[in-house]
Amino acid sequence: MKLGEGVEAAIHCAAMLAGVEGEATMPGAALAEAFGLSPSYLLKHLNMLSAALILESVPGPAGGYRLARPAERITLLDIVLAVEGREPAFRCGEIRRNGAARLDVSAYVKPCGINTAMLKAEKAYRTALAEAKLSDIVAEYVTDADPRSVAAGCAFVARHQRPQKSSSSKQA
């Protein structure tokens, strides 16, 4: 199964946004810079994540993106479905009914065995992704990655996050 490049970008961006403090945001341009991606390309995927309520898009000069819910409540399946869509990767066209050896439709009362096997594999794949929480991936990265990589990522987030005014300071 081949996933689009946007899935990798979306997962990395969500993982980076998990490191943003409190209600702070990070601009899409900074996320694109962090991963060496075109801002216009990445914006398309950030918008998909926002539409799926994985990210929150905050408008304005101090705006940007942040997680819409805690990383513990975001799975890899959530992100993959937001970017790739909910349709199964394999779509049976029932081609067994076509061609020179075509039979009457009554010969095909049982489901296509290939379709059944592919849907079973897809179910297992989706189950595994549903069990993989963004928070666990981030925690594993912080624990297992080269400390220089972790420090560089944390420093990047610290430089580019945009603190948001709290509601109490707005009222003052």
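Residues numbered from 1 in each chain as written. Predicted model: local features only at pLDDT ≥ 70, side-chain atom pairs only at ≥ 80, totals over all residues. Heavy atoms only, no water.

- In the nomenclature of an unreviewed UniProt entry, the protein chain is known as Rrf2 family protein of Mesorhizobium sangaii.

1. Regarding unusual backbone geometry
- In the Ramachandran plot, Leu-53 falls in the positive-phi region, its phi being about 60 degrees despite a non-glycine side chain.
- When its relative accessible area of 57% is taken as the criterion, Leu-53 is described as exposed. (Buried < 20%, exposed > 50% of the residue type's maximum accessible area, 1.4 Å probe, protein only.)

2. Considerations on the confidence of the model for the protein chain
- Model confidence for the protein chain is summarised by a mean pLDDT of 92, while 95% of its residues fall at 70 or above.
- Low pLDDT, under 50, characterises residues 168–172; the stretch is placed with one contact to residues that sit more than four places away or in other chains. (pLDDT = per-residue confidence, 0-100. Contact = heavy atoms within 4.5 Å.)

3. Observations regarding a negative patch on the surface
- Together, Glu-72, Asp-136, Glu-140 and Asp-144 make up a negatively charged patch on the protein surface.
- On the secondary structure map, Asp-144 appears in helix α6 (residues 134–144).
- By relative accessible area, Asp-144 is classed as exposed at 58%. (Patch = residues over 30% accessible without salt bridge, like charges linked within 9 Å, V, L, I, M, F, W, Y side chains within 5 Å. Areas by Shrake-Rupley, 256 points an atom, 1.4 Å probe, with all protein chains shown as cover. Salt bridge = Lys/Arg side-chain N within 4 Å of Asp/Glu carboxyl O. Lys, Arg positive; Asp, Glu negative; His and termini not counted. Charge placed at Lys NZ, Arg CZ, Asp CG, Glu CD. Helix = DSSP H or I, 4+ residues; strand = E, 2+ residues; numbered from the N terminus.)

4. Describing the environment of Ala-29
- Take Ala-29: it is sitting in helix α2 (residues 28–35).
- It is 5.5 Å that separates the C-alpha atoms of Ala-29 and Pro-39, two residues lying 10 residues apart in sequence.

5. Describing the side chain of Thr-75
- Looking at the element boundaries, Thr-75 is found in the loop between β2 (64–67) and α4 (76–84).
- A relative accessible area of 14% places Thr-75 in the buried class.
- Sequence-distant contacts of Thr-75, that is, excluding residues within four places in its chain, are made with Leu-129, Ala-130, Ala-132 and Lys-133.

6. Quick word on the environment of Gly-64
- Note on placement: Gly-64 falls in strand β2.
- Between the alpha carbons of Gly-64 and Ala-24 there is a distance of 8.5 Å; along the sequence they are 40 residues apart.
- Not counting residues up to four positions away in its chain, the partners in contact with Gly-64 are Thr-25, Met-26, Pro-27, Glu-56, Ser-57 and Val-58.

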